[in-house]
Amino acid sequence: MTGPDAPDHEVDRRSRVLLGLAAVAVGFAAADNYVVVLALPDMMGSAGLSAEDLQRAAPIISGFLLGYVAMLPLIGRIADVRGRLPVLVGSLVVFALGSLVTATAYDLTTVVAGRLLQGVGAGGLLPPTLALVADLYPPRRRGVPLGVVGAVQELGNVVGPVYGAVVLAFGSWRTIFWINLAVGLVLAAALRQRAAGTTLEPVERRRVDVPGLVLAAAALACLVLVMVQPARLLADVTAGLAFLPVAGDSRWLSPLALGCFALTLLLVIRCLTAREPLVDVRSWRGTLAEVDLPGAFLLSTVLATIILAFATADPEVQVLSPAGPWLLVVGAVAAVLFWLRNRSVPNPLVPPRAVTATPAWGALVVSFFIGAAVIAALVDIPIFARITVHNDSQLMAALVLLRFLVGLPVGAFLGGWLTHRMGAGVVTALGMAVSAAGFGWMSQWQFEALESPVTTVPLVAAGLGIGLAMAPVNAALLSATDPGVHGLASALLIVARTVGKLVGISVLTTIGLRRYFAAQADLPEPMDVCGPGDSRCAEFSRILQDAGLVQLQTIFLGAAACCVAAGLVALVVFRHADTREVRTSPVGSGI
């Protein structure tokens, strides 16, 4: 027997392997985020953008984020209705397809389209993986496996920069996405193969649909040729005709592109009519009928407007993007329409009382504050390093951030272990106290702070504390929700954390800037410090540098406040969360 009522020792080995593969997929997707950050300058160049066009390149990052977050509630709900493993396999295939599109991209539009698909695939991995833990382990035995999943995910963040640096040292930025394609397909195949015969979620082994596979391969081959347009084929007198548009000048009107569309159409027809198709589209139609797609569209609109309003803003000068207020108005209207629809349809996207239990909605609030603290570290620790002792060195700044990131997986595993022995609220509050102390220490850093090895202590402490909170927050959420909504609840938890990151970086940066401008207003005149005719003496330059640090110090202090808020909320809302393992004394032990 497996499932939430099964004891830990009855979880069969094949199901553990499935969970391990899912965790590896989550970690790999996490690593991909940091790889892309390193490759961004080269990607911009291939898309026809210069270093001065950084703002125009923002969709490369925000496109991934949009796909990751906006589709999360729908994917989480599908995982509840359809099953964890089909969603995991499907998400990996979408991630691989997005990697293929990005690897062959030829302009900014195709890069963003590939990144959007990658985001949808990557976002679909974590909710079913967390729900898988809940399916396999009873509430009081989930701490360690949740900690392991969190540790693997954060380990991906740690390994990501190193992995990216190695790949870029031996290949181009496109190599990263070709590797993503291969790894995504291998993991999808491994999950599908291992799923057959498990007691967790049996998946019948079907014969391979050879005609469907041939059609899919041919369609993808045509897609790659249209995107890449190999020079040798393009210059060939005969083969080159396939690349010439039959009308206009778009490559998507060439005979080869039209053939790609025809092959795709034939593949869809095959999947709809074959007895054992490559993709069982007919059963997926039944699954989607059980999910409120219009409601999912409305909720996706709400999330998309929040992402675009905050993620496309320049935090140095504004909280929201220029179109942010209008986007938020659209989001507010969509939110009202979603609320009304969710209450009236028989199959709502968010079932009634899905996350109304105090530990459930409390976990969303705690996750929001944790997200705000995390983004302060990810953005402002490297900035502090670059403007102080490392002279704009991106590599050295990344190594400073690495000290923070190293603490995350260690804390995640330790937090899972502690969740079996202490209440979720206590473990979360402990982690947030450690992080608050680390960020509070950073808020006192002066210009030469990073020259001292002692500064490693607050960096590791901040990461360790945030890691400690991951497992108990997840465990509290899963213990307070029904098994039928674990996928959705996990998705909403990730959404809350991501929205916390977006709102947090904008609000904290704005507060920091106000402190900076206030500090500048109090500065003495250059001639009062340097003497008449001299405005650039070393002493006045140092005063300017110290004033510039006020903004970062304020942001670190704000991150500490977010940690304190998360810890206090956790102590209140997780009081009755059923996460702590009850150990019984051995018979006859006399205890």
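Residues numbered from 1 in each chain as written. Predicted model: local features only at pLDDT ≥ 70, side-chain atom pairs only at ≥ 80, totals over all residues. Heavy atoms only, no water.

Enquirer: Before we move on, could you go through the overall build of the protein chain and cite the residues and values that matter?
Expert: Scanning the protein chain from terminus to terminus reveals 21 helices and zero strands. Counting only residues that meet the buried cut, the protein chain has 51% of its 591 residues in that class. A separation threshold of at least 6 residues defines the contact pool for the protein chain, and within that pool the share at least 24 residues apart is 78%. (Helix = DSSP H or I, 4+ residues; strand = E, 2+ residues; numbered from the N terminus. Buried < 20%, exposed > 50% of the residue type's maximum accessible area, 1.4 Å probe, protein only. Contact = heavy atoms within 4.5 Å.)

Enquirer: Which residues make up the pattern of salt bridges, and what are the values?
Expert: Per the stated rule, a full pass over the model turns up six salt bridges. A salt bridge links Arg-84 to Asp-135, with the shortest nitrogen-to-oxygen separation between them at 2.7 Å. Taken as a pair, Arg-84 in helix α4 (residues 84–103) and Asp-135 in helix α6 (residues 126–136) lie far apart in primary sequence, 51 residues in all. Looking at Arg-84, the relative accessible area reads 5%, which means it is buried. Taken together, the shared-partner salt bridges connect Arg-77, Asp-80, Arg-84 and Asp-135 into one network. (Salt bridge = Lys/Arg side-chain N within 4 Å of Asp/Glu carboxyl O.)

Enquirer: Describe α4, listing the residues and the values that go with them.
Expert: With 20 residues, α4 ought to run about 28 Å at 1.5 Å a step, and its terminal C-alpha atoms sit 28 Å apart, in line with that. Within α4, 15 of the 20 residues are buried, leaving the element largely enclosed by the surrounding structure. (Expected span 1.5 Å × (residues − 1).)

Enquirer: An account of the packing of helix α2 (residues 58–70) against helix α13 (residues 293–311) is requested, with residue identities and associated values reported.
Expert: Across the interface, α2 lies against α13 with an axial gap of 9 Å and an inter-helix angle of 150 degrees. As summarised for this structure, α2 and α13 are arranged roughly antiparallel, according to the angle between their axes. Both α2 and α13 take part in a crossing whose hand is right-handed. Listed contacts from α13 to Ser-62, Leu-65, Leu-66, Val-69 and Ala-70 of α2 are Ser-300, Leu-303, Ala-304, Ile-307 and Ala-311. Looking at the contact of α2 with α13, its residues break down into eight nonpolar, two polar and no charged. (Axes fitted to C-alpha atoms, helices over the stretch in contact; angles between N-to-C directions. Parallel < 35°, antiparallel > 145°, perpendicular 65-115°, else oblique. Left-handed = near helix turned anticlockwise from the far one by under 90°. Nonpolar A, V, L, I, M, F, W, Y, C, P; charged D, E, K, R; others polar.)

Enquirer: Tell me about the environment of Arg-251, and please be specific about residues and values.
Expert: You can see Arg-251 is positioned in the loop between α10 (231–235) and α11 (255–273). Residues in contact with Arg-251, not counting those within four places in the same chain, are Tyr-106, Val-226, Met-227, Gln-229 and Ala-257. Of note is the side chain of Arg-251, whose polar atom sits 2.8 Å from the backbone oxygen of Met-227. (Polar contact = N/O pair within 3.5 Å; in protein donor to acceptor, adjacent residues only side chain to side chain.)

Enquirer: Kindly report on the confidence of the model for the protein chain, identifying the contributing residues and their values.
Expert: Of all residues in the protein chain, 86% have pLDDT values of 70 or greater, and the mean over the chain is 84. Of all helices and strands in the protein chain, the one with the weakest mean pLDDT is helix α20 (residues 526–530) (59), whereas helix α17 (residues 424–442) scores best (96). Under a pLDDT of 50 for its full length, residues 1–9 has, in the predicted model, 24 contacts with residues more than four places off or in other chains. Low pLDDT, under 50, characterises residues 584–591; the predicted model gives this stretch one contact beyond four residues in sequence or across chains. (pLDDT = per-residue confidence, 0-100.)

Enquirer: Tell me about the packing of aromatic side chains, residues and numbers included.
Expert: Tallied over the entire structure, the rule returns nine aromatic pairs. Considering the side-chain rings of Phe-28 and Tyr-163, the 6.4 Å spacing of their centres and the 55 degrees angle between planes classify their relative orientation as tilted. Taken together, the residues span a long stretch of sequence, with Phe-28 in helix α1 (residues 13–46) and Tyr-163 in helix α7 (residues 143–170) at a distance of 135 residues. With 6.5 Å between their ring centres and 55 degrees between their planes, Phe-384 and Phe-556 make a pair best called tilted. In this pair, Phe-384 is assigned in helix α15 (residues 358–387) and Phe-556 in helix α21 (residues 538–573), connecting sequence segments 172 residues apart. Taking relative accessible area as the criterion, Phe-384 reaches 0% and is therefore assigned buried. For Phe-556, a relative accessible area of 0% translates into the label buried. An aromatic cluster of three or more residues is present, and its members are Phe-28, Phe-95 and Tyr-163. The cationic tip of Arg-82 hangs over the ring face of Trp-284; the distance from NZ or CZ to the ring centre is 4.4 Å. (Phe/Tyr/Trp six-rings, centres within 6.5 Å; stacked < 30°, edge-to-face > 60°. Lys NZ or Arg CZ within 6 Å of the ring centre and 35° of its normal.)

Enquirer: Quick rundown of the packing of helix α3 (residues 72–82) against α4? Include the residues and the values.
Expert: For any two helices packed against each other, the geometry comes down to the angle between their axes and how far apart the axes lie. The N-to-C vectors of α3 and α4 enclose an angle of 135 degrees; their axes lie 7 Å apart at closest approach. With respect to α4, the axis of α3 lies oblique. Taking contact as the criterion, the partners of Ile-75, Ile-78, Ala-79, Asp-80 and Arg-82 in α3 are, on α4, Arg-84, Pro-86 and Val-87. Looking at the contact of α3 with α4, its residues break down into five nonpolar, no polar and three charged.

Enquirer: Residue-level account of the environment of Met-470, with values.
Expert: Relative to the elements of secondary structure, Met-470 occurs in helix α18 (residues 456–479). When the C-alpha atoms of Met-470 and Thr-428 are compared, they prove to be 7.8 Å apart, with 42 residues separating the residues in sequence. Not counting the four nearest positions on each side in its chain, Met-470 is found in contact with Gly-150, Glu-154, Leu-408, Ala-412 and Arg-497.

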